[in-house]
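Working through the structure, step by step
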Amino acid sequence: MPERSWNFSAGPATLPLPVLERTRKDLLALPGAGASVLEISHRSSAFDAVIQEAEANLRELLAVPDTYHVLFLQGGASLQFSMVPLNLLGDGTAEYVVSGSWAKKALAEASKVGATRVVWDGAETSYTTVPDLGALDLDPSAAYLHVTSNETIQGVQLPAGFEPASGARLVCDASSDFLSRPTAVERYSLMYAGAQKNAGPAGLTVALLREDLLERVPDGLPTMLDYRTYAETGSLYNTPPVFAIYVLMLVTRWLRDEVGGLAAMHDRNRAKAAVLYEAIDASEGFYRGHAAPEARSLMNVTWRLPSEDLERAFVEEAGDRGLLELKGHRSVGGIRASIYNAMPVEGVLALRAFMDDFRARGS
Ligand SMILES: *Cc1c(COP(=O)(O)O)cnc(C)c1O
């Protein structure tokens, strides 16, 4: 087998090795099906077992209440930027927390559909901080409040337990920290996440939607943009991304059986992030973290070096040592290490060793 490097890609991102091995083992024939998961009908009993387990695993891991639908959607998290307002905004106003690049995109799409109001914008601090939602001046009659729990590009994250207890209107883009920590789903109207950061391969978006929201959906939406289409058909109105759902089933099985659930995952994620933030803090200013310490993401660690030349050298030398995809997003620059659930602590320690070595040589 070709050697695997440590892959710090922001997405599509590294997957758990046992999941890839299982996928390979069963690729030619799903046990009992006599054909590959790539070849069977989405209406076959073999695929029915896959999508049922995928949903059941998500419900178990996140303790999703029975009053929520689990929807398997396409079009990426980006399509949700439009589907959310198309389905939920109506004649009302939607409130948006603009915490970084993804929130900005979500706001821009909603503004094409209806009335929006920005309740917090991190632009003044270059999106290095996140708000305390409890301290914001919110309108309880707004159609919904949209937040981005983790800003993948800037590397800022809302803290665990950020949801207001009365967050009945909360809509969250959780693409890059979905399943990374325990989450009080009952505090959300809707949570959505593209799978390719933490939950599986590209092509699949998961949404957890409280069922009473469907009453708000206006008639006349294109069928494929209407949440009711997915809720009423078990996400089988048309052909769903069967392979991505299969891999998500394996990832959620891995999280439950091998990791031990989301609290254990959260512990691992905190420990991994601490290794890199310690390297930044101990570097006497050689590495400068982008996020304010209280807003630091456990998923995407972002930092700068003293010059762009050093940043280029860092990324290049890291690549030579099998530490891949460390270049920061072009809008922020610098370095970004994405250390999602599936990145083992060994990968983070290898990066830490390289950081310390590079600094010793470069500063
Ligand atoms: C990656 C990402 C998106 C966009 O996802 P696509 O599936 O490419 O549309 C949206 N929001 C966040 C927070 C992301 O990390």
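Residues numbered from 1 in each chain as written. Predicted model: local features only at pLDDT ≥ 70, side-chain atom pairs only at ≥ 80, totals over all residues. Heavy atoms only, no water.

Below, the discussion takes up the nonpolar core. If you look at the biggest cluster of nonpolar residues, it comprises 59 residues, and the most contacted ones within it are F72, V147, F178, L179 and L208. Ranked by residues supplied to this core, first place goes to helix α6 (residues 242-259) with 12 residues. The residues that make up this core include at least three from each of domain 1 (18-259) and domain 2 (261-362). (Core = buried A, V, L, I, M, F, W, Y, C linked by side-chain atoms within 4.5 Å. Buried < 20%, exposed > 50% of the residue type's maximum accessible area, 1.4 Å probe, protein only. Helix = DSSP H or I, 4+ residues; strand = E, 2+ residues; numbered from the N terminus. Domains from an automatic or database assignment.)

Before going further, it helps to examine the site of the ligand. Taken together, the neighbourhood of the ligand is formed by 13 residues, with S78, T152, D173, Q196 and K197 sitting nearest. Contact distances for the ligand include 2.6 Å between an oxygen atom and a side-chain N or O atom of S78. Within the side chain of T152, a nitrogen or oxygen atom sits 2.4 Å from an oxygen atom of the ligand. Taken by itself the ligand offers 390 Å² of open surface, and the protein chains cover 87% of this. Element by element, the count of residues in the shell around the ligand is highest for helix α3 (residues 76-88), at four residues. Residue classes in the shell around the ligand are distributed as three nonpolar, eight polar and two charged. (Near = heavy atom within 4 Å. Polar contact = N/O pair within 3.5 Å; in protein donor to acceptor, adjacent residues only side chain to side chain. Areas by Shrake-Rupley, 256 points an atom, 1.4 Å probe, with all protein chains shown as cover. Nonpolar A, V, L, I, M, F, W, Y, C, P; charged D, E, K, R; others polar.)

Partitioning the protein chain into structural domains gives domain 1 (18-259) and domain 2 (261-362). The straight-line distance from the C-alpha centre of domain 1 to that of domain 2 is 27 Å. Taken residue by residue, the interface counts 31 residues in domain 1 and 27 residues in domain 2. With both chains or domains summed, domain 1 and domain 2 bury close to 2,100 Å², and 57% of this area falls on carbon and sulfur atoms. On the domain 1 side of the contact with domain 2, I153, Q157 and V259 bury the most area, a combined 24% of that side's loss. Joining domain 1 to domain 2, the criterion identifies zero salt bridges. (Contact = heavy atoms within 4.5 Å. Buried area = accessible area lost by both parts, 1.4 Å probe. Salt bridge = Lys/Arg side-chain N within 4 Å of Asp/Glu carboxyl O.)

Below, the discussion takes up the layout of surface pockets. Gaps left between atoms show up when a probe the size of a water molecule is rolled over them. Roughly 350 Å³ of internal volume is contained in the largest pocket. Lining the largest pocket are 21 residues, with W6, L17, A342, M343 and P344 sitting closest to its centre. Within the residue set of the lining of the largest pocket, elements represented by two or more residues are β1 (6-7), α1 (17-25), α6 and α7 (262-281). Class assignment of the residues belonging to the lining of the largest pocket gives a composition of 13 nonpolar, four polar and four charged. Here the lining of the largest pocket gathers at least three residues from each of two domains, domain 1 (18-259) and domain 2 (261-362). (1 Å grid on protein atoms, 1.4 Å probe; cavity = no way out; pocket = protein on both sides within 12 Å on 5 of 7 lines; lining within 4 Å. Points joined across faces, edges and corners; volume = space filled by probe spheres on them.)

Alternating positions in strand β8 (residues 170-173) separate into two faces, L170 and C172 on one and V171 and D173 on the other, with burial throughout. Sheet topology note: the strand β5 (residues 144-148)/β8 ladder contains four bridges and is parallel. From the neighbouring strand, T148 faces β8, where its bridge partner is D173. Judged from the three bridges that link them, β8 and strand β9 (residues 190-194) form a sheet pairing that is parallel. Bridged to D173 within β9 is Y192. (Pairing = 2+ DSSP bridges.)

Attention shifts here to the pattern of salt bridges. On inspection of all chains with the given rule, the structure shows 22 salt bridges. Taking the shortest distance from any N to any O, the salt bridge between D267 and R270 comes out at 2.7 Å. You can see D267 and its partner R270 sitting in helix α7, three residues apart, about one turn around the helix. Assessed through its relative accessible area of 44%, D267 is described here as partly exposed. Taking relative accessible area as the criterion, R270 reaches 40% and is therefore assigned partly exposed.

Attention now goes to the environment of M355. Looking at where M355 falls in the secondary structure, it is placed in helix α9 (residues 345-362). Since its relative accessible area comes to 0%, M355 is described here as buried. The spatial distance from the C-alpha of M355 to the C-alpha of A318 is 8.8 Å, given a sequence separation of 37 residues. The contacts of M355, once residues within four sequence positions are left out, are L276, A279, I280, Y287, W303 and F314.

With that out of the way, let us pick up the sheet that holds strand β12 (residues 300-304). Spatially, the three strands line up as an open sheet ordered β11-β12-β14, and their pairing is antiparallel. Strands with a single pairing partner mark the edges of an open sheet, and in this sheet they are β11 (288-289) and β14 (335-338). Strands in contact with α7 are β11, β12 and β14; relative to β12, the strand with the most contacts, it is inclined by about 15°. (Axes fitted to C-alpha atoms, helices over the stretch in contact; angles between N-to-C directions.)

On to the sheet that holds β5. The seven strands are arranged β2-β10-β9-β8-β5-β3-β4 in an open sheet whose pairing can be described as mixed. Looking at strand neighbours, the two that pair on one side only are β2 (68-73) and β4 (115-121), the edges of this open sheet. When strand polarity is set aside, the average angle formed by the axes of neighbouring strands in this sheet is 20°. Sheet topology places β9 next to strand β10 (residues 205-210); five bridges connect them, and they run antiparallel.

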